[in-house]
Amino acid sequence: MKDGTVTHRSGEFIVGWVLDGRAVQDLWIVDPSGAGKDREVYTTVYYFEPKSRAWHATFVDPESASVLSFTGGAAGSDRLVLETQNTNSKTTRWSFNDIRPDSFVWRDEQSSDGGKTWRLKSENHMKRRGGPHLRSDLGAGLPGRWLLL
């Protein structure tokens, strides 16, 4: 929050290969934040473009009817950074940090000054949930790994 308060939310982050293994899709399912509120759902499709050596991502938020396109790449051995210019002249940066086999930290940051300074909007500590007993409540669902927010 802008005033520095922290809100803790729970949910799932489901990741799988799509398009014959040429892209990765994630599905965010965020639990309701209060009584009478619906859960939030979002999806992003990521693909690597070998010629430019860049990652591209398209984020879809059906609730707000918004679509954002990100571009970026590796920043060191355990970090991936993607950025987009918003319609409100702000830059959004998503980063996957401290990537380990069973965890990573996902950050959503925003800049109003062209990337000189960044304001943290959210930080999610992801931990892999294992076990073949897990299944999607979306029917066949997405193949792949389930992670806990």
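Draft legend 1. Quick peek at the overall build of the chain. Each helix and strand in the chain was counted, giving zero helices and ten strands. Tracing the chain from N to C terminus, the helices and strands come up as β-β-β-β-β-β-β-β-β-β. Taken across its 149 residues, the chain has 34% of its residues classed as buried. For the chain, contacts bridging at least 24 residues in sequence account for 22% of all contacts bridging at least 6. For the chain, the accessible surface area stands at approximately 9600 Å², while carbon and sulfur atoms represent 53% of it.

Draft legend 2. Geometry of the pattern of salt bridges. In this structure the tally under the stated criterion is four salt bridges. Between R22 and D20 there is a salt bridge whose closest N-O contact spans 3.8 Å. With a closest N to O distance of 2.6 Å, R107 and E123 form a salt bridge. Of the two residues, R107 sits in strand β8 (residues 103-111) while E123 sits in strand β9 (residues 119-129), which places them 16 residues apart along the sequence.

Draft legend 3. Looking closely at the packing of aromatic side chains. Scanning the entire structure with this criterion turns up ten aromatic pairs. A ring pair is formed by F96 and F104, whose centres lie 5.8 Å apart and whose planes are at 45 degrees; its orientation type is tilted. The exposure class assigned to F104 is buried, which follows from its relative accessible area of 12%. By the ring-pair criterion, three or more aromatic residues cluster together here, those being F13, W28, Y42, Y46, F59, F70, W94, F96, F104 and W106. If you follow R93 out to its NZ or CZ, it ends over the ring of W118, 3.9 Å from the centre.

Draft legend 4. Up close: the pairing of strand β4 (residues 54-61). One ladder, built from seven bridges, connects strand β3 (residues 40-49) with β4; its direction is antiparallel. Bridging from a neighbouring strand, E49 pairs with A54 of β4. Bridge count between β4 and strand β5 (residues 66-74): seven bridges; the pairing is antiparallel. When the bridges of β5 are listed, W55 appears paired with G72. Connecting β4 to the antiparallel partner β5 that follows it, the hairpin turn spans four residues, and A65 within it adopts a positive phi of roughly 55 degrees.

Draft legend 5. Inspection of the environment of S112 at higher detail. For S112, the position within the fold is in the loop between β8 and β9. A residue is classified by how much of its surface remains accessible, and S112, at 58% relative accessible area, is exposed. Placed 23 residues apart in sequence, S112 and S89 show a C-alpha to C-alpha distance of 7.2 Å.

Draft legend 6. Broad picture of the environment of E63. Tracing the backbone through its elements, the reader meets E63 in the loop between β4 and β5. Sequence separation between E63 and Y42 is 21 residues, and the spatial gap between their C-alpha atoms is 8.5 Å.

Draft legend 7. Region of interest: unusual backbone geometry. Non-glycine residue D20 carries a positive phi angle of around 55 degrees. Within the secondary structure layout, D20 lies in the loop between β1 (11-18) and β2 (23-30). One non-glycine residue with positive phi stands out, namely A65, at about 55 degrees. Note that A65 resides in the loop between β4 and β5.

What counts and what doesn't
Residues numbered from 1 in each chain as written. Predicted model: local features only at pLDDT ≥ 70, side-chain atom pairs only at ≥ 80, totals over all residues. Heavy atoms only, no water. Helix = DSSP H or I, 4+ residues; strand = E, 2+ residues; numbered from the N terminus. Buried < 20%, exposed > 50% of the residue type's maximum accessible area, 1.4 Å probe, protein only. Contact = heavy atoms within 4.5 Å. Areas by Shrake-Rupley, 256 points an atom, 1.4 Å probe, with all protein chains shown as cover. Salt bridge = Lys/Arg side-chain N within 4 Å of Asp/Glu carboxyl O. Phe/Tyr/Trp six-rings, centres within 6.5 Å; stacked < 30°, edge-to-face > 60°. Lys NZ or Arg CZ within 6 Å of the ring centre and 35° of its normal. Pairing = 2+ DSSP bridges.

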